[in-house]
Protein chains: 2
Amino acid sequence: MVTDSRTRLVEAAQQLFAQQGVSATSPRDVLAASGVGQGSLYHHFPTKHDLALAAVAATAAETLEAARGRLQGDAAPLDRVVAYLERPRDALGGCRVGRLTADQAVVDDDGLRAEVAGYFTGLIDEVAAVLRETGLDADAALDRARACVAIIQGGYVLARATQDPELLRSAVRGFVALLTGPATA
Amino acid sequence: MVTDSRTRLVEAAQQLFAQQGVSATSPRDVLAASGVGQGSLYHHFPTKHDLALAAVAATAAETLEAARGRLQGDAAPLDRVVAYLERPRDALGGCRVGRLTADQAVVDDDGLRAEVAGYFTGLIDEVAAVLRETGLDADAALDRARACVAIIQGGYVLARATQDPELLRSAVRGFVALLTGPATA
DNA sequence: GTCTATACGAGGATAGAC
DNA sequence: GTCTATCCTCGTATAGAC
């Protein structure tokens, strides 16, 4: 079955948003990338905002699902968190969701921001739940889970700023050393 | 002495870049904010790029200087790092320098990116130097310094995504607890 | 549902007078 | 050095036929 126009539009938008952000991506860009015609776009999505919402929601959902898969497994809780932190990432590309927070138009839009916020709170909750399995109390687990998620987002920033993927890995290494304690240092 | 046009243009650009990013700020925005006329802008800065370079360089230099001030003091090394991490920040506004890394136009421009990269490498070096004072070896200090800088950048991302400054503070708290060890936990 | 054609303001810059 | 006027392209749609 040939993918329908609507799906092609959303997938093209997701890709372009990941590369250039939402504001920097024009409906014309999406048309060109998807190979769909002008009329189709505005038939399925009356405004750019409608398309953006569909694309951002899809990306947030996919990304959160992938993370959940990694965090739920048979390994020891702390090992799962470390595996999540150390997983290979497209450091120079940045986080497909996190990067959107620098786009003021996204943050100012309640619908778009809700998708981004949902991704992060979902991810933090998941990490916090795993950390509680290690015996950490709820408050400490929440702070630590937020630190885990933040270290990845910050690592992306450093890697992009310097155009060097090593800075993400190095920041994670520094964090993991603290997280796993002197035993592993 | 009345501030001259050139200075007013750069300062207006710095402010607008901090609020909206570089790509999202038009020369017209800068004109309106500075109160300077069209001709003056293009007299001092032949292109938007020239203005952007001046403004980003100024912001990076100011921000790095401020951080250096905090990290060099009489307190114990680790206390200075913790004080740097816990300093009050405009969490919802984001880092004036770090946010620029999500702007593809900035990352793709060698001149602009060099300013941003210089800020981060300078900051990391500074933090790493302080950490070495604690007796940490050079490699571990570098990883840990990068983690310190990343946690702040990531905290900004979480705070902006959720529109809740507490997420930056919470991530820092989680990280500082690890950094200062079980003694303080 | 999809296409082509058209509209209109904003972004980025140039021209030329003062 | 600064001002006003003008230019051209792109972003974001709308109109109306097929």
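Residues numbered from 1 in each chain as written. Chains lettered and ligands numbered in written order. Predicted model: local features only at pLDDT ≥ 70, side-chain atom pairs only at ≥ 80, totals over all residues. Heavy atoms only, no water.

- In the nomenclature of an unreviewed UniProt entry, chain A is known as TetR/AcrR family transcriptional regulator of Antribacter soli.

1. A closer look at the UniProt feature "DNA-binding region" (unreviewed entry) in chain A
Phase 1 of the analysis: The sites that carry the UniProt feature "DNA-binding region" (unreviewed entry) are, in the present numbering, residues 26-45 of chain A.
Phase 2 of the analysis: With 75% helix and 0% strand, residues 26-45 of chain A has end C-alpha atoms that lie 13 Å from one another. (UniProt positions renumbered as here; feature names shortened; annotations may be inferred. Helix = DSSP H or I, 4+ residues; strand = E, 2+ residues; numbered from the N terminus.)

2. Notes on the environment of Asp-50 of chain B
Residues and elements named next belong to chain B.
Phase 1 of the analysis: Position of Asp-50 among the secondary structure elements: in helix α4 (residues 48-71).
Phase 2 of the analysis: Of the residues examined, Asp-50 reaches a relative accessible area of 29% and is grouped as partly exposed.
Phase 3 of the analysis: The spatial distance from the C-alpha of Asp-50 to the C-alpha of Gly-111 is 9.7 Å, given a sequence separation of 61 residues.
Phase 4 of the analysis: Within the structure, the side chain of Asp-50 is placed 2.8 Å from the side chain of Thr-47, a separation counted as a polar contact. (Buried < 20%, exposed > 50% of the residue type's maximum accessible area, 1.4 Å probe, protein only. Polar contact = N/O pair within 3.5 Å; in protein donor to acceptor, adjacent residues only side chain to side chain.)

3. Some remarks on the protein's contact with DNA strand C
Phase 1 of the analysis: Of all residues adjacent to DNA strand C, which total 15 residues, the nearest are Gly-37 and His-44 of chain A together with Pro-27, Arg-28 and Gln-38 of chain B.
Phase 2 of the analysis: Sugar and phosphate atoms constitute 49% of the interface atoms of DNA strand C, taking the interface as everything within 4 Å of the protein.
Phase 3 of the analysis: Taken together, the elements giving at least two residues each to the surface near DNA strand C come down to α3 (38-44) of chain A together with α2 (27-34) and α3 (38-44) of chain B.
Phase 4 of the analysis: Considering every element that reaches the surface near DNA strand C, the biggest residue donor is α3 of chain A, with five residues. (Near = heavy atom within 4 Å.)

4. Overview of the packing of helix α8 (residues 138-162) of chain A against helix α9 (residues 166-180) of chain B
Phase 1 of the analysis: Between α8 of chain A and α9 of chain B, whose axes approach to 7 Å, the crossing angle comes to 100 degrees. It follows that α8 of chain A is roughly perpendicular to α9 of chain B by the angle criterion. Note on element contacts: α9 of chain B touches α8 of chain A through Glu-166, Leu-167, Ser-170, Ala-171, Arg-173, Gly-174, Phe-175 and Leu-178 of chain B, opposite Leu-142, Asp-143, Arg-144, Arg-146, Ala-147 and Ala-150 of chain A. (Axes fitted to C-alpha atoms, helices over the stretch in contact; angles between N-to-C directions. Parallel < 35°, antiparallel > 145°, perpendicular 65-115°, else oblique. Contact = heavy atoms within 4.5 Å.)

5. A word on the side chain of Ser-170 of chain B
Phase 1 of the analysis: Note on placement: Ser-170 of chain B falls in helix α9.
Phase 2 of the analysis: Its relative accessible area of 0% is what places Ser-170 of chain B among the buried residues.
Phase 3 of the analysis: Side chain to side chain, Ser-170 of chain B and Asp-143 of chain A meet in a polar contact 2.6 Å long.
Phase 4 of the analysis: With near-sequence residues (within four places) excluded, Ser-170 of chain B lies in contact with Leu-142, Asp-143 and Arg-146 of chain A.

6. A word on the packing of aromatic side chains
All names here are of chain A.
Phase 1 of the analysis: If you walk through the whole model with that rule in mind, you get three aromatic pairs over all chains.
Phase 2 of the analysis: Here Tyr-119 and Phe-120 contribute two aromatic rings whose centre-to-centre distance is 4.9 Å and whose plane-to-plane angle is 70 degrees, an arrangement assigned as edge-to-face. The same class applies to Tyr-119 and to Phe-120, which are both buried.
Phase 3 of the analysis: For Arg-89, the ring lying beneath its charged end belongs to Tyr-84, and the centroid distance is 4.9 Å. (Phe/Tyr/Trp six-rings, centres within 6.5 Å; stacked < 30°, edge-to-face > 60°. Lys NZ or Arg CZ within 6 Å of the ring centre and 35° of its normal.)

7. Concerning the interface of chain A and chain B
Phase 1 of the analysis: Across the contact, 40 residues belong to chain A and 40 residues belong to chain B.
Phase 2 of the analysis: The contact between chain A and chain B buries some 3,400 Å² in all, and 66% of this surface belongs to carbon and sulfur atoms.
Phase 3 of the analysis: Here chain A and chain B share two salt bridges between them.
Phase 4 of the analysis: With a closest N to O distance of 2.9 Å, Arg-173 of chain A and Asp-143 of chain B form a salt bridge.
Phase 5 of the analysis: Summed over the shared surface of chain A and chain B, the number is 16 residue pairs in polar contact (both at pLDDT 80 or more).
Phase 6 of the analysis: Breaking the side of chain A that touches chain B down by element, the ones donating at least two residues are α6 (104-108), α7 (110-133), α8 and α9 (166-180) of chain A.
Phase 7 of the analysis: Per-element tally for the side of chain A that touches chain B: the top contributor is α8 of chain A, with 16 residues.
Phase 8 of the analysis: Looking at the side of chain A that touches chain B residue by residue, the class counts come to 19 nonpolar, twelve polar and nine charged. (Buried area = accessible area lost by both parts, 1.4 Å probe. Salt bridge = Lys/Arg side-chain N within 4 Å of Asp/Glu carboxyl O. Nonpolar A, V, L, I, M, F, W, Y, C, P; charged D, E, K, R; others polar.)

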